[in-house]
Amino acid sequence: MSEKEPAPGALALIEALVNTLDIETGADTLDTADGRAAFGLAEPDVPEARVLREALRTACLAHAGHRPPDRSAAPPLDRLLVGAPLRVTVDAAGVAALRPVAEPAGLTARVAAAIAAAAADGTWARLKACEADDCQWAYYDRSPAGRRRWCSMSVCGARAKMRTYRAKRG
C-alpha cells in the first residue's frame, strides 16, 4: 500500500474509493459506518458502490498496462457512468466544468465529474493500480516517465523482484 501522498484534485475521491478494499486481507471499509460516511453512502448503496469500485480498479490496472484479473462481474466503467447526471457549468472567469446535477451529488456522478476533470487536465491516466495481484492498491504515478508498476517499491516492488530472482535461481 502506497506511502505516497494522495492523488491530486478530484482523483483523490477515485483513489480512496478503489482503496476501500484491501485485497490482501479482504477488509472492506465500506462494511463500516465510517467507511460509508466518507463517500456519503447509506448501507443500501454499498453493492452499487462496490461494482463501481471494481470497474474503477480495472481502469486503473489498464492505465498501468496490466491485464486485470478476471472481473467478469464488474461491468465496463462507461456503462456505469452513462446515467451519471452531469451538467456543464461556466464560472465568472469563463472556466467550463462538468458538475453533478443534483446536490448532494451521488457517488457515480461525483466519480464521473472527477474523471472528466482529470481527463481534461491530463491526470486521469496517471491513476493506476499496483501490479501485485495480492495488492492492486490505487496510486497516483508521479514518476517523470509515468511508468511506475507498484504502489510501493519497498513492499510490492521488492516482493516482485525477489520472486523473479528466486525463479531464475531455481
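For clarity, every value in this text was computed on a predicted model and none was experimentally measured. All residue numbers refer to position in the chain's written sequence, counted from 1. Reporting of local features is limited, given that this is a predicted model, to residues whose pLDDT is at least 70; pairs of side-chain atoms are given and counted only at 80 or more, and all residues count toward the totals for whole chains, interfaces and linings. Working from all heavy atoms in the structure, the side-chain values ignore hydrogens and water.

1. Quick notes on the environment of Asn19
In step 1: Secondary structure is summarised from DSSP: a helix means a run of H or I of at least four residues, a strand means a run of E of at least two, and numbering begins at the N terminus for each. Mapped onto the secondary structure, Asn19 falls in the loop between helix 1 (11–18) and helix 2 (33–37).
In step 2: Residue Asn19 is classed as buried on the basis of its relative accessible area, which comes to 13%.
In step 3: Residues Asn19 and Arg53, spaced 34 residues apart in sequence, show a C-alpha to C-alpha distance of 8.5 Å.
In step 4: We call two residues in contact when some of their heavy atoms are within 4.5 Å. Here Asn19 is in contact with Trp137 and Ala138, once residues within four sequence places are set aside.
In step 5: One polar contact links the side chain of Asn19 to the main-chain amide nitrogen of Ala138, over a distance of 2.7 Å. Relative accessibility thresholds used throughout: buried, under 20% of the residue-type maximum; exposed, over 50%; partly exposed, between the two (1.4 Å probe, protein chains only). Here a polar contact is recorded for every N or O atom pair within 3.5 Å, except that within protein the pair must consist of a potential hydrogen donor and a potential acceptor, and residues adjacent in sequence are included only if both atoms are side-chain atoms.

2. Considering the state of the cysteines
In step 1: Pairs of cysteine sulfur atoms within 2.5 Å are what we label disulfides. Enumeration over the complete set of coordinates arrives at zero disulfides.
In step 2: Here Cys151 stays unpaired: no disulfide links it, and the sulfur of Cys135, its closest cysteine neighbor, is 3.6 Å away.

3. Quick word on the environment of Gly40
In step 1: Note that Gly40 resides in the loop between helix 2 and helix 3 (46–63).
In step 2: With relative accessibility at 64%, the residue Gly40 sits in the exposed group.
In step 3: With 66 residues separating them in the primary sequence, Gly40 and Gly106 have C-alpha atoms 7.9 Å apart.

4. Digging into the environment of Asp133
In step 1: Considering the arrangement of structural elements, one finds Asp133 in the loop between strand 3 (127–129) and strand 4 (138–140).
In step 2: By relative accessible area, which is 61% here, Asp133 ends up exposed.
In step 3: For Asp133 and Glu24, which are 109 residues apart along the polypeptide, the C-alpha to C-alpha distance reads 8.7 Å.

5. A word on helix 1
In step 1: For helix 1, a buried count of six out of eight residues is recorded, marking the element as mostly surrounded by other parts of the structure.
In step 2: Among the residues making up helix 1, those that are buried are Leu11, Leu13, Ile14, Glu15, Leu17 and Val18.
In step 3: Looking at the buried residues of helix 1, the elements they touch are helix 3, helix 5 (107–121), strand 3 and strand 4.

6. A look at the pairing of strand 1 (residues 86–90)
In step 1: Relative to strand 2 (residues 96–100), strand 1 runs antiparallel, the two being bridged by five bridges. Residue pairing in the sheet places Val90 in a bridge with Ala96 of strand 2.
In step 2: The pairing criterion for strands is at least two bridges between them, as found by DSSP. Here strand 1 folds back onto strand 2 in antiparallel fashion, the turn holding five residues, of which Gly94 has a positive phi close to 85 degrees.

7. Here we look at the packing of helix 3 against helix 5
To describe two helices that pack against each other, one gives the angle between their axes and the distance between the axes.
In step 1: All axes here are fitted lines through C-alpha atoms, helices being fitted over the stretch that makes contact, and every angle between N-to-C directions spans 0 to 180 degrees. Direction vectors running N to C along helix 3 and helix 5 enclose 20 degrees, while the axes themselves pass 11 Å from each other. The angle between the axes of helix 3 and helix 5 places the two elements in the roughly parallel class. In this structure, helix 3 crosses over helix 5, and the sense of that crossing is right-handed. On helix 5, the residues that touch Glu48, Ala49, Leu52 and Leu56 of helix 3 are Leu107, Thr108, Val111 and Ile115.
In step 2: Asp, Glu, Lys and Arg are counted as charged, while Ala, Val, Leu, Ile, Met, Phe, Trp, Tyr, Cys and Pro are counted as nonpolar; the rest, among them Gly, fall into the polar class. Across the contact of helix 3 with helix 5, the residue classes break down as six nonpolar, one polar and one charged. Oblique is the label for any angle not covered by the other classes, which are roughly parallel (under 35 degrees), roughly antiparallel (over 145) and roughly perpendicular (65 to 115). By the definition used in this description, the sense in which the near helix is turned from the far one sets the handedness, with an anticlockwise turn below a right angle giving left-handed and a clockwise turn giving right-handed.

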